Amino acid sequence: MGRAKITVVGAGNVGGTVAQRLVEKNCYDVVLVDILEGIPQGKALDLTQAGPICGYDSRVVGAHGYEESGGSSLVVITSGVPRKPGMSRDELLATNARIVQGVVREVAARSPEAILLVVTNPLDAMAHVAHRVSGFPKARVLGMAGVLDSARLRTFIATELGVSVENVQAMVLGGHGDTMVPLLRYTTVAGRPIEEWLPKERLAALIQRTRDGGAEVVNLLKAGSAYYAPTAAVVEMVEAILKDQKKVLPCAARCDGEYGIRGLFVGVPVKLGRGGAEAIIEYALTPAERAALTASAAAVKELCDVVDRIL
Ligand SMILES: NC(=O)c1ccc[n+]([C@@H]2O[C@H](COP(=O)([O-])OP(=O)(O)OC[C@H]3O[C@@H](n4cnc5c(N)ncnc54)[C@H](O)[C@@H]3O)[C@@H](O)[C@H]2O)c1
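Every chain's residues receive numbers from 1 upward, in the order its sequence appears when written. Reporting in this predicted model follows two pLDDT cut-offs: at least 70 for local features of residues, and 80 or more for side-chain atom pairs to be given and counted; totals over whole chains, interfaces and linings ignore these cut-offs and use all residues. The side-chain values count all of the structure's non-hydrogen atoms but skip hydrogen atoms and water molecules.

## Things to note about the sheet that holds strand β7 (residues 168-169)
Move 1: If you walk across this open sheet you meet the three strands as β7-β10-β11, and the pairing is antiparallel. Sheet topology places β7 and β11 (192-193) at the edges, where each strand pairs with a single neighbour.
Move 2: Between any two strands, pairing holds if DSSP finds at least two bridges. Secondary structure elements are defined from DSSP: runs of H or I of at least 4 residues count as helices, runs of E of at least 2 residues count as strands, and each element is numbered from the N terminus. In this structure, strand β10 (residues 188-189) lies alongside β11, joined through two bridges in antiparallel fashion. Bridge pairing in β11 links Thr-188 to Pro-193.

Laid out in structure tokens, this is it:
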């Protein structure tokens, strides 16, 4: 059996770096697609030439079209316009919905058994577009946000306490953006609840910094948005799926009754394996957590309603 083929659509900061992280695993062949002629081909050639130094034989092909993408096991969708300073994720809605619609039509026709992993923002609404346009079963459409949001919170907590990031576990649910829902009762440092480590006000400040995590990077970079941590999150999800790890990670998955949410992609704990989103795990929530998740889902629904009118 050869390596699994992964198509990455969008060869910008996120797509190019996802491709790099994937080929360095030496387990996957990658097809990098972008509308910009030359960029995917150039990045693919550059990555291929790193193989002898980094010790990988993975094939990387850059393309302007989709012929090479046929038969992919998984497609990572990063094509879109990134946020500019001061721009909200939601302002990206109409432009990126049309881009994702066009991309999903192409990849779904050529890789009908693929799992779609959406990264383009606004994330939860773009996962909705991918599901609607592909007609794929809901288990084969996922969005990446919760792993990133949780990693940001874990980083800030570890730095504040001066402990290893490996000691910090966190689970951030809800939509990607201002309405994310960090579950503090499930946030632990070396197994001890976070509320026993930090006073409420400090914790609130770290949560706010997590909420603004994307914007903080955008404001520093001035041009473009974060991509090192987001691509690390994408690759953790890809490996959980293609290596059939059954890892439980917070992902945007379509809820049909779970957490009282119906017909919407929202960040929830998902068991990832070769079947994609194999199960949504329902945590017991306090009334306040449930209310926050419901509010988050309502914000996602507003975007999806707009998308449904546009497409
Ligand atoms: N979910 C998350 O947590 C998360 C994190 C980081 C970035 N993002 C999002 O990921 C997306 C990509 O970010 P980036 O920093 O790589 O942006 P970027 O501008 O560097 O790259 C986007 C690429 O998409 C390409 N593209 C546009 N339309 C296309 C089409 N129809 N077909 C193929 N390619 C097309 C562009 O040419 C460009 O190369 C943005 O929407 C960004 O907001 C999401």
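From this point, the narrative continues.
## Notes on the pattern of salt bridges
Move 1: Whenever a carboxyl oxygen of Asp or Glu lies within 4 Å of a side-chain nitrogen of Lys or Arg, that contact is scored as a salt bridge. If you walk through the whole model with that rule in mind, you get 15 salt bridges.
Move 2: Between Arg-3 and Asp-29 there is a salt bridge, and its shortest N-O distance comes to 4.0 Å. In this pair, Arg-3 is assigned in the segment before β1 (4-9) and Asp-29 in strand β2 (residues 28-33), connecting sequence segments 26 residues apart.
Move 3: Arg-3 sits in the partly exposed class, given a relative accessible area of 32%.
Move 4: Burial status follows relative accessibility: with a 1.4 Å probe on protein chains alone, a residue under 20% of its type maximum counts as buried, one over 50% as exposed, and anything between as partly exposed. Overall, the relative accessible area of 18% leaves Asp-29 in the buried class.
Move 5: Where Asp-305 meets Lys-301, a salt bridge forms, and the shortest distance between an N and an O atom there is 3.0 Å.

## Notes on helix α2 (residues 39-54)
Move 1: Expected span of a helix: the number of residues minus one, times 1.5 Å. Along its 16 residues, α2 runs 22 Å from first to last C-alpha, staying within 8% of the 22 Å computed at 1.5 Å per residue.
Move 2: Immediately beyond the C-terminal end of α2, within one or two residues, lies Gly-55, with a positive phi of roughly 85°.

## Quick word on the side chain of Thr-188
Move 1: Secondary-structure assignment places Thr-188 in strand β10.
Move 2: Relative accessible area serves as the criterion here: at 18%, Thr-188 is assigned to the buried category.
Move 3: Note on contacts: a residue pair is in contact if any heavy atoms of the two residues lie within 4.5 Å. Beyond its immediate sequence surroundings of up to four residues, Thr-188 is in contact with Asn-167, Val-168, Gln-169, Pro-193 and Ile-194.

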